[in-house]
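Take a look at the letters that make up each chain.
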Amino acid sequence: MIRVFRSEWRKLRRPTLFAGTLGIVFGLSVLITALLFILLDSDGGNGPRGRIITRETLALPSGLYLGFTNFAGLLGTIALSVFAAQTALEYTNGTLRNLLVRQPKRLVLLAGKYLAMCSFALLTVIISAIGSIGISLLLAPTKDINTDAWFSSESFELLYSNLGNVYLSAIAYGTVGMAVGIILRSPISSISISLAWILILEGILSFTVDGLDKWLPGQLMSLIAESSNGDISYTYALVGTAIYLTIFGGIATTLFVKRDVSN
Amino acid sequence: MSAVISAENLTKKYGDLLAVDHVTFDIPVGAITGFVGPNGAGKTTTIRMLLGLVKPSAGNARILEHPISEPEMYLPFVGAMIEGPAFYPALSGRENLRVLARLGDFPYKKVEELLELVGLADRATSKFKTYSLGMKQRLGIAAALLPNPKVLILDEPVNGLDPAGIHEVRNLLRVLADSGISIFVSSHILSELEVIADHLVVVDHGKVLYQGATKDLLAAHKPRLAVKGSLVSDQEILREIATSAGYPSELSGDQVIIMAPENFAGELNKAAFAKGVVLTLLQITRPTLEESFFEITGGEK
């Protein structure tokens with residue numbers, strides 16, 4: 001398992017993927033957080049979907065990582081794309097057969113790859129948190145935001161739990177990406193179908209059918225990152241996501257272990 | 001152990017298609033065994049079954065005395081290149097080998113040795129996608145040699161190589177076989193297998209048509225005499241001589257091809273001289289592996 005993990009990291013650390021992904025994550029988290037402060041008094045809103053986040057809200061203990069939380073959905077889609085691409089590319093490159101010759105225990109191979117990608121996702125979460133929190137600390141004084149509460153023990157506790165939830169959400173998105181990658185065996189199809197479902201179809205469905213969002217996997221996964229929601233509890237989102245992941249993961253694992261490798 | 005690979009009624013069905021049909025063969029220790037067959041004969045599927053990538057529909061096989069249902073028992077001692085080299089395009093040749101070295105727990109020192117061996121040391125840092133087909137093949141062979149294999153299974157290893165590259169691979173395989181590695185190599189370039197393979201397994205339509213020593217297959221088919229007289233009219237006289245001696249003949253351009261053993265050459269020369277024919281060509285030719293192959297499979301060149 002450790003050998004698979006380390007072997008997978010040799011692929012993950014290639015500059016285009018490693019520096020490219022982490023650079024994008026850092027840049028976007030800085031940008032999204034910066035907009036939260038720069039557009040503070042704007043009539044068009046400064047939060048996601050035009051929401052207005054006031055100076056008072058930003059001064060709360062949770063204000064330190066509010067920008068980071070806003071970025072969580074995008075982190076999930078990035079994790080989904082990386083997990084799906086890294087898995088499906090083994091099929092399209094034909095490299096899976098090489099890996100299986102060197103590690104014929106398919107479950108071990110799958111678990112090692114998964115853990116390596118989970119550690120990569122952890123890195124993206126940490127980098128985005130550093131970017132977001134860093135820019136928040138820089139911009140808050142320029143907008144007369146009282147940051148006393150940001151340095152309270154309550155703020156740090158909330159930060160840790162928020163980091164954990166964003167990471168859980170990213171892992172959930174990534175797991176879906178990996179499962180779809182195994183099922184479809186094509187990176188382009190896996191990423192485009194998954195993102196079209198989560199970003200477009202689920203959005204339309206949850207707006208048009210009342211109460212449906214609590215049954216949609218993408219909505220539940222993003223609710224984990226947000227920690228809670230008025231209508232749907234955190235626990236409900238966690239359990240719902242776990243059920244979906246068990247189903248997706250079970251199908252993908254069975255296919256990975258049983259399916260002939262003929263490409 | 002007399003056979004490193006032993007297949008018994010190995011079968012693979014895809015729906016109604018019988019890709020591999022109860023193949024049975026033994027691959028001897030320390031020899032180069034050629035795996036011959038036209039496209040779609042079932043060679044790659046057989047190799048995939050041997051490597052645990054494809055589950056057989058029926059039958060069994062053993063590699064290094066372990067059943068193929070337990071690939072983890074024998075694959076640490078097996079090197080393989082299946083259906084051409086497959087690597088990560090964005091990684092360098094060295095990094096690609098290191099991915100596999102890490103996975104199989106082989107030292108990185110081995111990677112450097114193999115890059116040197118296959119002549120890629122000076123391009124080790126170049127991305128795989130920039131490699132020529134020949135370089136990709138050589139990297140594939142290097143990857144197959146990573147585990148210091150007892151058995152080497154290569155699918156079309158000379159595909160895309162230039163004549164010099166083919167010669168290098170041929171020599172490399174001979175050196176490896178002489179060092180005790182048993183090699184199972186498939187190729188559609190039959191002339192290559194004729195040169196390097198000690199044994200052959202010939203398959204077509206999923207069935208084994210021949211297995212045994214290469215020399216036995218070649219010897220099973222009679223040699224031929226190619227003769228030519230100084231005049232065009234000599235062709236008929238030469239054919240009459242062959243017919244009266246009981247050997248069939250045919251015209252091939254300005255030559256007469258007589259299906260006769262070597263010792264008929266002297267008798268033919270004497271008879272031709274007696275009939276006033278001056279021979280300008282008298283050549284003994286043996287059937288190539290390709291010709292023997294087409295004879296076995298009933299195909300046409």
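Residues numbered from 1 in each chain as written. Chains lettered and ligands numbered in written order. Predicted model: local features only at pLDDT ≥ 70, side-chain atom pairs only at ≥ 80, totals over all residues. Heavy atoms only, no water.

Our focus in this paragraph is the packing of aromatic side chains. Summed over all chains, the structure comprises twelve aromatic pairs over all chains. Note on Y244 of chain A and F248 of chain A: the rings are 6.5 Å apart at their centroids and 25° apart in plane angle, and the pair reads as stacked. Of this pair, Y244 of chain A and F248 of chain A both sit in helix α11 (residues 234-258), four residues apart, roughly one helical turn. For Y244 of chain A, a relative accessible area of 27% gives the class partly exposed. Note on F248 of chain A: relative accessible area 27%, which makes it partly exposed. Put simply, the rings of W9, F18 and F120 of chain A pair up and form one aromatic cluster. Directly above the aromatic system of Y108 of chain B lies the positively charged group of R98 of chain B, at a separation of 4.6 Å from the ring centroid. Residue placement shows K150 of chain B over the ring face of F77 of chain B; its charged tip is 4.7 Å from the ring centre. (Phe/Tyr/Trp six-rings, centres within 6.5 Å; stacked < 30°, edge-to-face > 60°. Helix = DSSP H or I, 4+ residues; strand = E, 2+ residues; numbered from the N terminus. Buried < 20%, exposed > 50% of the residue type's maximum accessible area, 1.4 Å probe, protein only. Lys NZ or Arg CZ within 6 Å of the ring centre and 35° of its normal.)

Residues and elements named next belong to chain B. A sheet is described by the order of its strands in space; here six strands give the open sequence β6-β7-β8-β3-β9-β10, paired in mixed fashion. Both outer strands of the open sheet, β6 (78-81) and β10 (207-213), are each paired with one neighbouring strand and no more. Between one strand and the next, the sheet's axes are offset by a mean angle of 10°, whatever the strand orientation. In this sheet, strand β9 (residues 199-204) lies alongside strand β3 (residues 32-36) in parallel orientation, the contact comprising four bridges. Following the sheet pairing, G34 is matched in β9 by L200. (Pairing = 2+ DSSP bridges. Axes fitted to C-alpha atoms, helices over the stretch in contact; angles between N-to-C directions.)

Further remarks concern the confidence of the model for chain B. Overall, the prediction assigns chain B a mean pLDDT of 85, with 95% of residues at 70 or greater. Confidence metrics for the complex model read pTM 0.82 and ipTM 0.82. (pLDDT = per-residue confidence, 0-100.)

Moving on, we get to unusual backbone geometry. Residue and element names in this part refer to chain B. Its identity is not glycine, yet L64 carries a phi of approximately 50°, on the positive side. Along the chain, L64 turns up in the loop between β4 (58-63) and β5 (66-67). Taking relative accessible area as the criterion, L64 reaches 11% and is therefore assigned buried. Residues other than glycine seldom take positive phi values, yet E65 does so here, at roughly 70°.

This part takes up the packing of helix α5 (residues 72-92) of chain A against helix α7 (residues 106-139) of chain A. Angle between the axes and distance between the axes: these two values describe a pair of packed helices. All names here are of chain A. Where α5 contacts α7, the axes come no closer than 10 Å and their chain directions differ by 150°. By the angle between their directions, the pair α5 and α7 is classed as roughly antiparallel. Between α5 and α7 lies a crossing of right-handed hand. Taking contact as the criterion, the partners of L75, V82, F83, Q86, T87 and E90 in α5 are, on α7, K113, Y114, M117, C118, F120, A121, T124, V125 and S128. The residue makeup of the contact of α5 with α7, split by class, is nine nonpolar, four polar and two charged. (Parallel < 35°, antiparallel > 145°, perpendicular 65-115°, else oblique. Left-handed = near helix turned anticlockwise from the far one by under 90°. Contact = heavy atoms within 4.5 Å. Nonpolar A, V, L, I, M, F, W, Y, C, P; charged D, E, K, R; others polar.)

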